[in-house]
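A closer look at the structure
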Amino acid sequence: MGQPVDPPTRRAAAVAVIENPCAAKYVADLSELMTIGEELGELLTARAVAALGIDPTSVESYGKAAAVGEDGEIEHAAAVLHPKLGTPVRKFIGKGAALIPSSKKRGGLGVALDIPLGHKDAAFVRSHFDGMEVRISDAPRRNEIMVAIAVTDSGRPLPRVGGLTKDQIKGEDGLR
Amino acid sequence: MPKVEIRKRLISVEEILHEGGPVATVPLRRAAALAVIKNPYAGEYVEDIAPFMDDLKPLGLEMARTLVAALGGDAKCVEGYGKGAIVGSAGEIEHGALWHVPGGYGMREVLGGAKAIVASTKKVGGPGARLDVPITHINASYVRSHFDSMEVGMVDAPKADEVVLALVMTTGARVHARVGGLKASEIKGEDGLR
């Protein structure tokens, strides 16, 4: 719209395509996927931050998401994302009092996956509510899972819908 | 102030009985309400857009009521929610951000004071663009069984000068939830988180 964004806002996502060890059968105990989540938490955060070329402590918002191929369950995405992935993410960027926003789905090759984004220390910072779409043309195959982590160095470009701003963060409860 | 001009609406309800595991005695239902509106700010940079949030509040309320009706009419059956927006190509991502307040307001009104922040996402896209709307428990964001999402979209929207607005509600946990964490039965309900 001709309005310059200065400095530019930058977002990066790192996506891993992994084999789903629980595909094509019903597995009650999903701890193997939880352990994979822990490993990917550090790996993908490090790669996304490196892609931005910033200090890890300069990350302002984050999000995570997973897409499960057709021989898996939505619960397999939950097992990768929720129990253990967050701790190494927070350790890498130094803080992260807020919930890491997430989404998950099942889909075929080339499915688009939206990673929701929110401020890492205060979930109500309105300028940082956002999302990033990722897609890989040949994934997920039916026995695979796409796992994605996104980080930013800023909120939306030209935010102007009011609400809590980042300079007002108290940082006590992860919300405000 | 610009008027809210609606071109079309869509309601969809998914009913999930199983994903290869035990068949649920009560199927999980996920419902989405979409409205395609004209973007009053398309095609130019407008600095002062925030007043449009108030204009959108009646639509937020109407869509929330429609969702509860689609799920059987009892607001008490709603356990998860989320919201999102897809902005057409002549608009900005910021125009999608206008939906945060009225979308959240509408659902809280109808659900009787849900405590958790409403999970959300947004994008700029063409007709047929799809959006994964994130979902969390309405009273405690950390309830792990209720982290979910629903893909929404319309084949002919958004046109360049339109915005697709979305609200989503669900009736329970993922159908085979078994990855631990905070349970809905353990909610303290004080801070919207736990």
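Before reading further, recall that the structure is shown in the block above.
What comes next concerns the included structure.

How each quantity is defined
Residues numbered from 1 in each chain as written. Chains lettered and ligands numbered in written order. Predicted model: local features only at pLDDT ≥ 70, side-chain atom pairs only at ≥ 80, totals over all residues. Heavy atoms only, no water. Helix = DSSP H or I, 4+ residues; strand = E, 2+ residues; numbered from the N terminus. Rg over C-alpha atoms; globule rule 2.2 N^0.38 Å. Buried < 20%, exposed > 50% of the residue type's maximum accessible area, 1.4 Å probe, protein only. Contact = heavy atoms within 4.5 Å. Areas by Shrake-Rupley, 256 points an atom, 1.4 Å probe, with all protein chains shown as cover. Lys, Arg positive; Asp, Glu negative; His and termini not counted. Charge placed at Lys NZ, Arg CZ, Asp CG, Glu CD. Axes fitted to C-alpha atoms, helices over the stretch in contact; angles between N-to-C directions. Parallel < 35°, antiparallel > 145°, perpendicular 65-115°, else oblique. Left-handed = near helix turned anticlockwise from the far one by under 90°. Nonpolar A, V, L, I, M, F, W, Y, C, P; charged D, E, K, R; others polar. Core = buried A, V, L, I, M, F, W, Y, C linked by side-chain atoms within 4.5 Å.

1. Re the overall build of chain A
For chain A, the count of helices and strands is 3 helices and 6 strands. In chain A, the succession of α and β elements from N to C terminus is β-α-β-α-α-β-β-β-β. Scaling as 2.2 N^0.38, a compact globule of 176 residues should have a C-alpha radius of gyration of about 16 Å, and chain A matches this with 16 Å. Projected onto its principal axes, the C-alpha coordinates of chain A cover approximately 50 × 40 × 25 Å. Per-residue burial over chain A gives 56% buried out of 176 residues. Across chain A, the fraction of contacts at a sequence separation of at least 24, relative to all contacts at a separation of at least 6, is 79%. Put simply, chain A shows about 7300 Å² of open surface, and 48% of that area lies on carbon and sulfur atoms. Computed over 22 positive and 23 negative side-chain charges, the separation of the two mean positions in chain A equals 5 Å.

2. Observations regarding the packing of helix α1 (residues 52-70) of chain B against helix α3 (residues 100-111) of chain B
Residues and elements named next belong to chain B. For the pair α1 and α3, interaxial distance at closest approach is 7 Å and the crossing angle is 45°. Classified by the angle between their axes, α1 and α3 sit oblique to one another. Considering the relative orientation of α1 and α3, their crossing is right-handed. Between α1, through M53, L56, K57, G60, L61, A64, R65 and V68, and α3, the contact on the second element is made entirely by V101, P102, Y105, G106, M107, E109, V110 and L111. Looking at the contact of α1 with α3, its residues break down into 11 nonpolar, 2 polar and 3 charged.

3. Some thoughts on the nonpolar core
In terms of nonpolar packing, the biggest core is built from 38 residues, with A:L30, A:L33, A:L44, A:Y62, A:I145, A:V147 and A:V151 touching the most fellow members. Residue assignment for this core shows that the elements contributing at least two residues are β1 (11-19), α1 (31-52), β2 (61-68), α2 (74-81), α3 (86-93) and β6 (144-152) of chain A. Among the nonpolar cores identified, the runner-up in size contains 36 residues, and B:Y41, B:L71, B:A85 and B:V118 belong to it.

4. Looking at the packing of α1(A) against α2(A)
Residues and elements named next belong to chain A. Two elements in contact, α1 and α2, have axes separated by 6 Å at closest approach and are oriented at 45°. Classified by the interaxial angle, the pair formed by α1 and α2 is oblique. Here the hand of the crossing between α1 and α2 comes out right-handed. From α1, L33, M34 and G37 reach across to α2, where they touch H76, A79 and V80. Taken together, the residues of the contact of α1 with α2 break down into 4 nonpolar, 2 polar and no charged.

Read these as layout, nothing more, since geometry by itself doesn't imply function.
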